[in-house]
Amino acid sequence: MAEKKYPRISFREKIKDIKNNVEKASQKTLDIYRNAIKVLQGKNEKTAEKIIESSERMDDILYGVEKACINLIATEQPLASDLRFIESCIKIGTHLKRVGYLSADIAEAVAEMKGKEKKIPKKIREDILHMADYTEMMLSKAIYSFLDQNSEMAEELDKDDDKVDDLFDKSLEHIAESISKVKNKESIYCLLRLILIARYLERIADQAVSIGHRTVFMVRGKRAEREESA
């Protein structure tokens with residue numbers, strides 16, 4: 001019996017598959033983040049455990065991306081822009097994983113406040129949700145700048161991050177003021193959980209900036225201006 005021959009998958013097809021899987025993981029990351037924020041808003045029945053499970057399932061997708069990238073480097077020895085793209089997919093996969101984990105941390109922190117949300121001052125709640133909205137915008141911009149290879153959009157993320165840092169400082173200031181005024185232990189417990197949530201949001205914004213920096217390097221072959229001056 002003649003040996004069956006299989007058609008060789010072209011290099012371009014492999015690159016396309018990697019990009020499609022990164023896009024799938026990116027959308028999954030956005031969904032996980034949005035679900036965590038809906039939990040914070042009290043609009044989502046999903047538990048922290050379910051969000052953690054979603055984050056773990058996303059890891060499987062990203063592991064597949066990393067494995068495909070390494071195999072492609074080993075077997076095809078890509079050069080120049082193709083190599084930068086493949087290496088960037090590995091790096092960005094790491095950032096997406098961290099965003100997934102931090103989103104799960106947000107959901108866990110909210111779960112720890114269950115039944116005590118009414119004790120959160122309205123102003124602080126508004127601060128945190130504003131920060132969450134701005135962070136979501138940054139995360140979306142980072143992902144789409146990478147997928148579209150738009151280095152100009154990616155560079156905007158540094159200034160966006162300054163805004164998130166300002167919102168973080170403002171939130172901490174208002175939380176500290178509230179802690180100094182309340183005596184109820186449950187209220188203090190909720191306020192301390194909000195500090196953690198604000199910190200998680202700031203770190204997610206940092207991951208978005210890192211994706212932006214990697215996008216600039218992928219497209220231009222050099223580091224972003226803010227990254228170079230850091």
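Just so it is clear, the structure is predicted and the values come from calculations on it, not from any experiment.

### Quick word on the side chain of Asp 158
Along the chain, Asp 158 turns up in helix H6 (residues 157-181). Reaching out from Asp 158, the side chain makes a polar contact with the side chain of His 213 at a distance of 3.0 Å.

### Concerning the UniProt feature "domain: PhoU" (unreviewed entry) in the protein
Mapped onto this numbering, the UniProt entry gives "domain: PhoU" (unreviewed entry) at residues 23-110 and 128-214. With 92% helix and 0% strand, residues 128-214 has end C-alpha atoms that lie 28 Å from one another.

### Some remarks on helix H4 (residues 122-147)
Between the first and last C-alpha of H4 there are 38 Å, a value that for 26 residues agrees with the 38 Å anticipated at 1.5 Å per step. Trailing H4 by a residue or two, Gln 149 shows a phi angle of about 55 degrees, which is positive.

### Concerning a negative patch on the surface
Residues Glu 49, Glu 53, Glu 56, Asp 60 and Glu 108 make up a contiguous surface patch of negative charge. A per-element tally of the negative patch places helix H2 (residues 48-76) first, with 4 residues. Mapped onto the elements of the fold, Glu 53 is located in helix H2. The partly exposed category is assigned to Glu 53, whose relative accessible area is 40%.

Each value, and the rule that gives it
Residues numbered from 1 in each chain as written. Predicted model: local features only at pLDDT ≥ 70, side-chain atom pairs only at ≥ 80, totals over all residues. Heavy atoms only, no water. Helix = DSSP H or I, 4+ residues; strand = E, 2+ residues; numbered from the N terminus. Polar contact = N/O pair within 3.5 Å; in protein donor to acceptor, adjacent residues only side chain to side chain. UniProt positions renumbered as here; feature names shortened; annotations may be inferred. Expected span 1.5 Å × (residues − 1). Patch = residues over 30% accessible without salt bridge, like charges linked within 9 Å, V, L, I, M, F, W, Y side chains within 5 Å. Areas by Shrake-Rupley, 256 points an atom, 1.4 Å probe, with all protein chains shown as cover. Salt bridge = Lys/Arg side-chain N within 4 Å of Asp/Glu carboxyl O. Lys, Arg positive; Asp, Glu negative; His and termini not counted. Charge placed at Lys NZ, Arg CZ, Asp CG, Glu CD. Buried < 20%, exposed > 50% of the residue type's maximum accessible area, 1.4 Å probe, protein only.

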